[in-house]
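Topology and contacts: notes
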Amino acid sequence: MDTAALKRFAQQARRTLLGQVQSRLNFVLSGDTAFHRENARTIDDLREEISLTSAESVVERVSYLWFNRFIALRYMDVNNYTFTGILTPQDGHTQPEIL
């Protein structure tokens, strides 16, 4: 079994998730909007976690968490554990069935 394509996909997905999580973290930690005021306690907890470890560590952990969730959903789709495709499009379509 050739796993090179899977390895390339996993590496690209990791880089993409890291970038997206970093962007979201930057948004959450900057500015004063209604979102920030509504979630002040959560943002304070996030800042505390960053001060205990580092921003890179938080980004890495969150990216890993989301990657595992996506892979689990894909696994469930492939093995027909779900009634509709959560991540998998129907034949002839480009968007996941759930959309």
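Just above, that's the structure.
What you see is a predicted model; the values in this text were computed from it and never measured.

It is worth spelling out helix 4 (residues 55–78) at this point. Between its terminal C-alpha atoms helix 4 stretches 35 Å, which fits the 34 Å expected from 24 residues at 1.5 Å a residue. In this fold, the buried residues of helix 4 make contact with helix 1 (4–29) and helix 3 (40–52). Just beyond helix 4, the residue with positive phi is N80, at close to 55°.

With respect to the element layout, S63 can be found in helix 4. Only 2.8 Å separates the side chain of S63 from the backbone oxygen of V59, close enough to count as a polar contact. Aside from chain neighbours lying at most four places away, what touches S63 is L17, L18 and V21.

Rules and cut-offs
- Along every chain, residues carry numbers that run from 1 in the direction the sequence is written.
- Per-residue local features of the predicted model are confined to residues with pLDDT of at least 70, and side-chain atom pairs are confined, for both listing and counting, to 80 or more; whole-chain, interface and lining totals are unaffected and use all residues.
- Note that water and hydrogens are dropped before the side-chain values are worked out from all heavy atoms of the structure.
- Strands are runs of DSSP state E lasting at least two residues, helices are runs of H or I lasting at least four, and both sets are numbered from the N terminus onward.
- One fewer than the residue count of a helix, multiplied by 1.5 Å, yields its expected span.
- Two residues form a contact once any of their heavy atoms are found within 4.5 Å.
- Counting of polar contacts relies on pairs of N or O atoms within 3.5 Å, with two restrictions inside protein: one atom must be capable of donating a hydrogen and the other of accepting it, and residues adjacent in sequence are counted only when both atoms are side-chain atoms.

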